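A look at the structure
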Amino acid sequence: MPYLRSVANNKGRWGISNTRVPTESRPGHVAIIAGFYEDPSAVAKGWKENPVDFDSIFNQSSYTWCWGTDTAGHTHKPKTQNFLTTLKYVDEGIKDIEKLIRDFYKDDGRTTFLMTADHGMTDWGSHGTGYEHETKTPYVLWGSGVEKIWGEKNIDQETNTMFYEHRFDLNQADLTPLMATFLSIPVPVNSIGQLKPNLMNLTLSNKAKAVYSNSRQLLSQYNQKRLDVEANALSILYNPYKPLDGRKVDELLHFTEMLLKHEEYEQLIIFSEEIMNLSLLGLIYYHNYYQTPLLITITVSFLGWITYLLRILMEQSVFSQIDVSNKKYQVTANVYKTVDKSILGLSIFTTILSSIIIYAQSLPIQYYIYFNLPIFLWYHSLSPIELWIQTYNMFIQRRHFWTLIIGVLCYTLGSIAIGFSFSYRWVLSIPLLGISLWPTFSRFKHNIKTILYWSWPTGCLLLSIFSFSPVVGKDVFIELVFLGGFLWLLVLLYHVWFIFSPHTDNEHGIRDVILSIVHMVILTIALQIIYIQSKRFAHGAPISQVLQTVCWFIGALLPILPLMYTRKMNNRILGINSSTIIFYLLMSVAHEGLFIIALIFNITCWMYIEFKLLDIGNKEIIDCYFESDEKRNQKHLTSFERSISSDDFRRAFFFLLYIVLSYFGTGNIDSLNSYEVRWVLCFTTSFQPFLITGLIVMKTLSTQLSVACCFRAIQNLTKAPIGYTHIIVLIYSNIMGLLLLYCVTNTGSWLEIGTSISQFVIVQILTLIIVLINQLAKLLTYVDIFQLLIKLFKNRKKYV
């Protein structure tokens, strides 16, 4: 833009106007003309409208004109020839508009010109987040009242074409008081912009008065917020902003008025700028005044909920061991009841007290929930107190008490590490390397064959490597997808030849062999389709619609094939994993083709080792079958359901780790921002956001489904109480949620804000997702299509 460069370098000033998020049009306009930044809560409006009316520069103007040229960057992308042509056209348009205005006013020299932008744009034509290309916008200021620079001029290192001495960077909101000063109008009341007097060609007295006026506007805004909080706060609980409390506000006002009266303008500028800085910090303090107590109450609620879940787990195992006929127990039971009544009384008193405090401060109604919920949770967690005393006595008497403490510490730290992995994928390698040592500490490790014993740490090490790999995005290495497919073909060949073939003495064994061969054929066809479509795309040739139709047919067939296998545990799991891998590979472009193989290899080793550690003699896993929950209950009607053991805590932790790993192993939710059409090349090439998102979500859920089916197999083998296992998973996820609660932010880029909120929400609904996935796993592992058809045929024949 040669004209604007010439203006900025010769008769004006220029610089970077640093924006805040969201870097979108309307929030940027508000920051420029009103001087305040968007509150993140306005995302509910989609940034289309501000939730409240606001004062602005335009409110005090007689006329404003607007032109719109927004499509060029989105359509043509920055740095393209079409975009550069548009910039040149805009540059010439600015020159024409300036000439038109100067001619109309007969060039009286009383017009000030400001050119700026509401936001920037990435090289791929997007905006809205916090990348530097989006938050750095230019401004050029020239005309009446603008301070010019004389003397020697040096080239600015960042731009290579602009003069460094003419540069002055500021915040986007600072443009509002600058424009207000040039127009001699009041600064908009909600503005948080700070006037930069160095840009204005004014006398010292006028500069001081302008800065003083800006400081009074910010101080009054701060003071009103302070008074609003003080009006409702209880004096015994109130904690003021000490650098600028009510007394200091009065003192500063009196002192600056005295400086103005005595015409000490340099001192007035210094003190006014200090008042502005203190006022802005004070605004932040009072905006977040209740943040700390709210965080404390939510934290206490989390801890109370976790304790309550532990109480549920301990209830059955502890009370089943108490001898209620013992006279000594009957005496202590009365003491326990007294303590329980005391806890109830204390809880009621605390609830009433907190409600009175909330009412006295006129706080919103939701505060009653925030402050009373922890009381409710902790009352139900601690009562009956007998349970905790008996639990403590039982643990103290155990020989391996310190082993238990170390286990609790490891699971807690492991859950925290999984929580951190939402932001830093490489942290997943820490719990993976930790669980790789698991079989070493088992007393039945002698039952594990050498090859299986070493396969487990090898698999954990391979999976940990993927947590350091780049997020799957625009880089394509289709050869790694083929390698993953060929490895699974070898696995299927091995099972058919060495495991299934010796058991083909009945129709059920033959069925599994045939279905495994069908899976091999489908996998071969899928690899061929991946090869053909990727080559066509790379050479710019049309994508085969016929092959895409074949892929849709394969996608519909894959969920049905595992249901045709027998309910032999090993065979059904192989069928489920084969369908998962084929579907996953059809939407893979790089190393995720190897990731799915490594993941399934690792969870299969987990299943085999769990079986071996049961120490049930010569029985092999090939002889085990999936049983329905009803059938398992019928078998054990005569005995109590076994209580939760320390092994169940370990299994639940492994399960949660694999669920998170299957989601974050090759990327995370941010990878959708780097969408590559090759991901869904085998299914569609047209841009259909809902269809594409659905396919990507199904790809992610397919890996989690494989993990859930493997976990269900382990639950069948170990006869674990499924409901209690879900409670353990809920405990771990709440530990993660407590960590991510403190990672939620309302500052920084909108990408950072949105990601922190979404991660916290994902953790909160993680247990619900796991329950739903387990229900799907139940169908995949138990339903037998052939038996259903046989029953249907018999019933039909009976009625005929």
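Residues numbered from 1 in each chain as written. Predicted model: local features only at pLDDT ≥ 70, side-chain atom pairs only at ≥ 80, totals over all residues. Heavy atoms only, no water.

As recorded in an unreviewed UniProt entry, the protein chain goes by the name GPI ethanolamine phosphate transferase 1, listed as coming from Pieris brassicae. UniProt lists a comment for the protein chain under the heading Function (unreviewed entry), and it reads "Ethanolamine phosphate transferase involved in glycosylphosphatidylinositol-anchor biosynthesis. Transfers ethanolamine phosphate to the first alpha-1,4-linked mannose of the glycosylphosphatidylinositol precursor of GPI-anchor." (UniProt positions renumbered as here; feature names shortened; annotations may be inferred.)

Given 3.6 residues to a turn, an α-helix orients residues that are three or four positions apart in the same direction. Taking 1.5 Å per residue as the helical rise, helix H28 (residues 766-782) with its 17 residues ought to reach 24 Å, and the 24 Å between its terminal C-alpha atoms agrees with that figure. For H28, the complete set of buried residues consists of Leu 766, Thr 767, Ile 770, Ile 773, Asn 774, Ala 777, Leu 780 and Thr 781. Seen end-on, H28 carries its buried residues on one side only, within an arc spanning 125°. Among the exposed residues of H28, those oriented more than 90 degrees off its buried face are Leu 768 and Leu 772. (Helix = DSSP H or I, 4+ residues; strand = E, 2+ residues; numbered from the N terminus. Expected span 1.5 Å × (residues − 1). Buried < 20%, exposed > 50% of the residue type's maximum accessible area, 1.4 Å probe, protein only. Arc of directions from axis to C-beta.)

Our next topic: the pairing of strand E3 (residues 136-143). As judged from the 7 bridges shared by strand E1 (residues 12-18) and E3, these two strands associate in the antiparallel manner. The residue bridging Gly 12 from the neighbouring strand is Trp 142, located in E3. With 5 bridges connecting them, strand E2 (residues 112-116) and E3 associate as antiparallel partners. Paired with Leu 114 across the strands is Leu 141, a residue of E3. (Pairing = 2+ DSSP bridges.)

Within this structure, the stated rule accounts for 6 cavities of 30 Å³ or more. There is about 70 Å³ of room inside the largest cavity. Lining the largest cavity are Ile 478, Ile 530, Gln 533, Ser 534, Leu 586, Ser 588, Val 589, Arg 678, Leu 681 and Cys 682. Of the residues contributing to the lining of the largest cavity, the split by class is 6 nonpolar, 3 polar and 1 charged. (1 Å grid on protein atoms, 1.4 Å probe; cavity = no way out; pocket = protein on both sides within 12 Å on 5 of 7 lines; lining within 4 Å. Points joined across faces, edges and corners; volume = space filled by probe spheres on them. Nonpolar A, V, L, I, M, F, W, Y, C, P; charged D, E, K, R; others polar.)

To describe a pair of aromatic rings, one takes the distance between the centres and the angle between the planes. Counted under the stated rule, the structure contains 35 aromatic pairs. For the pair Tyr 222 and Tyr 286, a centre-to-centre distance of 5.9 Å together with 45° between the ring planes defines the contact as tilted. Taken together, the positions of Tyr 222 in helix H7 (residues 204-232) and Tyr 286 in helix H9 (residues 265-287) put the pair 64 residues apart, joining distant regions of the chain. Seen from their ring centres, Tyr 285 and Tyr 286 are 5.1 Å apart, and the 85° between their planes marks the pair as edge-to-face. Members of the aromatic cluster, joined through ring pairs, are Tyr 222, Tyr 238, Tyr 241, Tyr 285, Tyr 286, Tyr 289, Tyr 290, Tyr 367, Tyr 370 and Phe 371. (Phe/Tyr/Trp six-rings, centres within 6.5 Å; stacked < 30°, edge-to-face > 60°.)

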